[in-house]
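Inside the fold
For reference, the chains in residue letters:
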Amino acid sequence: MDGDRVEIDGGIMEGGGQILRVSTALSCLLGLPLRVRRIRAGRSQPGLRPQHLSGLEIIRDLCDGKLNGGEIGSTEITFTPGKIKGGTHIADTKTAGSVCLLMQVAMPCVLFAASPSELHLKGGTNAEMAPQIDYTVMVFKPIIEKFNFTFHCDIKRRGYYPQGGGEVVVKMSPVKELSPINLTERGTVTKIYGRAFVAGALPIKLAKDMSAAAVRCIRREIRDLYINIQPVREPDDQAVGTGSGIIIVAETSTGCLLAGSSLGKRGKNADKVGIEAAEMLLQNLKHGGTVDDSLQDQLIIFMALAKGVSRVKSGPITLHTQTAIHFAEQLTKAKFTVTKSEEEEPGNDTYIIECQGMGMINPNL
């Protein structure tokens, strides 16, 4: 069997967990046995962390696959997928590892399962170096559903760094195939809204300060729009630990959603958290693309699986996106091209990501 394994170098390009997520999800979908070497070689602590291991385990369980080398710190795994089945699956990082990254690896697979799936994902809901669950619900979900599927995401409990303890339940039904998307018209910004949250030992005043600082920052650039960033205190029975943060979303006349977000941490002043998120949003609005930097790479695997040509206008291509494209092309028959956008506004730095998808058909339906 080893002769037929696809060999993946986990240390090139982005050199992090994303290579593992993209390649194991595609291995599962395409029935390709895989070996990944030099896992996360580009990180200060190479090898599998709890969150990556949980992601591998849920993929293994989804398809009755075989996983070797699945322990914390391991820098090489082999994976032999079986048949994707639906049903209830649990993944628990037992840390503040991101539930959103668990969702990223599992979601493409369960779309091509034999029956509906319910994923219980446990860990951090609002974690560093990963999308916040609020981003997943407010931005990722409405845009990703343009590929012609829907999912339901229920935030049972929020969990913060360092102990995690959050839980999200994702329910989705399989599809026959994915439709391509065309996101090339930005339109004009019609509204800006968001939520500034505190949980645990933190007072609501912090949320109000984050919100006010963000509004002031956006107002300098965008004067005529109503900005509604709600300060909220997470109910004690729905949050584990102490945490704070903010997410701000800009919606456009063509239905594009672009965001900026930031997390609070000890010693970081609330105004700074609000301003960070506002500046990230303004940066994402400045480039003229239809998606923000966080969504860019998350679209790649779906574009590769879809039937037909998808086109997305984005800002400068991130290393995460380049990495996702590299491995999607290596494992599927999808073909990507990235070209500088023609109708450049002065000062805009936009690109068209185009993909001729492989047209994955669900063999179970």
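Residues numbered from 1 in each chain as written. Predicted model: local features only at pLDDT ≥ 70, side-chain atom pairs only at ≥ 80, totals over all residues. Heavy atoms only, no water.

Time to look at the domain arrangement of the protein chain. Domains assigned within the protein chain are domain 1 (6-183 + 291-358) and domain 2 (189-286). Listed as interface residues are 24 residues of domain 1 and, on the opposing side, 26 residues of domain 2. In this assembly, domain 1 packs against domain 2 so that about 1,900 Å² is buried in total across both faces, 59% of it on carbon and sulfur atoms. Scanning the region where domain 1 abuts domain 2 turns up three salt bridges. Close ionic contact of R158 with E234 constitutes a salt bridge, the shortest N to O distance being 3.2 Å. For the pair domain 1 and domain 2, the interface holds eight residue pairs in polar contact (both at pLDDT 80 or more). Here the side of domain 1 that touches domain 2 gets six residues from one element, more than from any other, and that element is helix 4 (residues 133-144). Grouping the constituent residues of the side of domain 1 that touches domain 2 by class yields nine nonpolar, seven polar and eight charged. (Domains from an automatic or database assignment. Contact = heavy atoms within 4.5 Å. Buried area = accessible area lost by both parts, 1.4 Å probe. Salt bridge = Lys/Arg side-chain N within 4 Å of Asp/Glu carboxyl O. Polar contact = N/O pair within 3.5 Å; in protein donor to acceptor, adjacent residues only side chain to side chain. Helix = DSSP H or I, 4+ residues; strand = E, 2+ residues; numbered from the N terminus. Nonpolar A, V, L, I, M, F, W, Y, C, P; charged D, E, K, R; others polar.)

This next bit is on the sheet that holds strand 7 (residues 151-159). For sheets, the rule is that strands pair by backbone hydrogen bonds, running either parallel or antiparallel. Reading across the sheet, the five strands line up as 5-6-8-7-12 and stay open at both edges, with mixed pairing between neighbours. Of all strands in the sheet, those with a lone pairing partner are strand 5 (87-92) and strand 12 (239-240), marking the two edges. Alignment of strand 5 against strand 6 (residues 117-123), held across six bridges, turns out to be parallel. Bridge assignment links I90 to a residue of strand 6, and that residue is H120. Each of strand 5 and strand 6 touches helix 2 (residues 50-62); the most contacted strand, strand 5, lies at about 165° to it. Of the strands in this sheet, strand 5, strand 6, strand 7 and strand 8 (166-172) are in contact with helix 3 (residues 99-110), which crosses strand 6 at around 160°. (Pairing = 2+ DSSP bridges. Axes fitted to C-alpha atoms, helices over the stretch in contact; angles between N-to-C directions.)

The subject of this paragraph is the nonpolar core. Formed by 82 residues in total, the largest nonpolar core has its most connected members in F147, F149, F151, L178, L299, F302 and F336. Counting contributing residues, this core receives three or more from each of domain 1 (6-183 + 291-358) and domain 2 (189-286). With sequence-adjacent residues up to four places away left out, F302 is seen in contact with M107, P108, L111, F140, I144, F147, F149 and L178. Of all hydrophobic cores here, the second largest spans 24 residues; its members include V198, A207, C217 and I227. (Core = buried A, V, L, I, M, F, W, Y, C linked by side-chain atoms within 4.5 Å. Buried < 20%, exposed > 50% of the residue type's maximum accessible area, 1.4 Å probe, protein only.)

Before going further, it helps to spend a moment on the pattern of salt bridges. Between side chains of opposite charge, a pair can form as their charged atoms come close. Considering all chains together, one arrives at 24 salt bridges under this definition. Of the charged contacts, one joins E329 and K335 as a salt bridge, the two residues approaching to 3.1 Å between their closest N and O atoms. As a salt-bridge pair, K340 and D349 come within 2.7 Å of each other at their nearest N and O atoms. A single network of salt bridges, built from pairs that share partners, joins E7, R35, R37 and E76.

Right, let's get into helix 3. Relative to the 16 Å expected for twelve residues at 1.5 Å per residue, helix 3 spans 16 Å between its end C-alpha atoms, a close match to the ideal helical length. Burial of helix 3 is extensive: eleven of the twelve residues sit out of reach of the surface. Capping of helix 3 at its N-terminal end is provided by S98; its side-chain oxygen lies 3.0 Å from the backbone amide nitrogen of C100. (Expected span 1.5 Å × (residues − 1).)

For the rest of this paragraph, the subject is the sheet that holds strand 16 (residues 335-340). Sheet architecture is open: four strands sit in the order 9-15-17-16, paired in mixed fashion. The sheet terminates laterally at strand 9 (182-183) and strand 16, the two strands that pair on one side only. Across two bridges, the pairing between strand 9 and strand 15 (residues 309-314) is parallel. Considered in strand 15, the bridge of L183 is made with V312. Each of strand 16 and strand 17 (351-356) is contacted by helix 9 (residues 319-331), which is oriented at about 150° to strand 16, the strand it contacts most.

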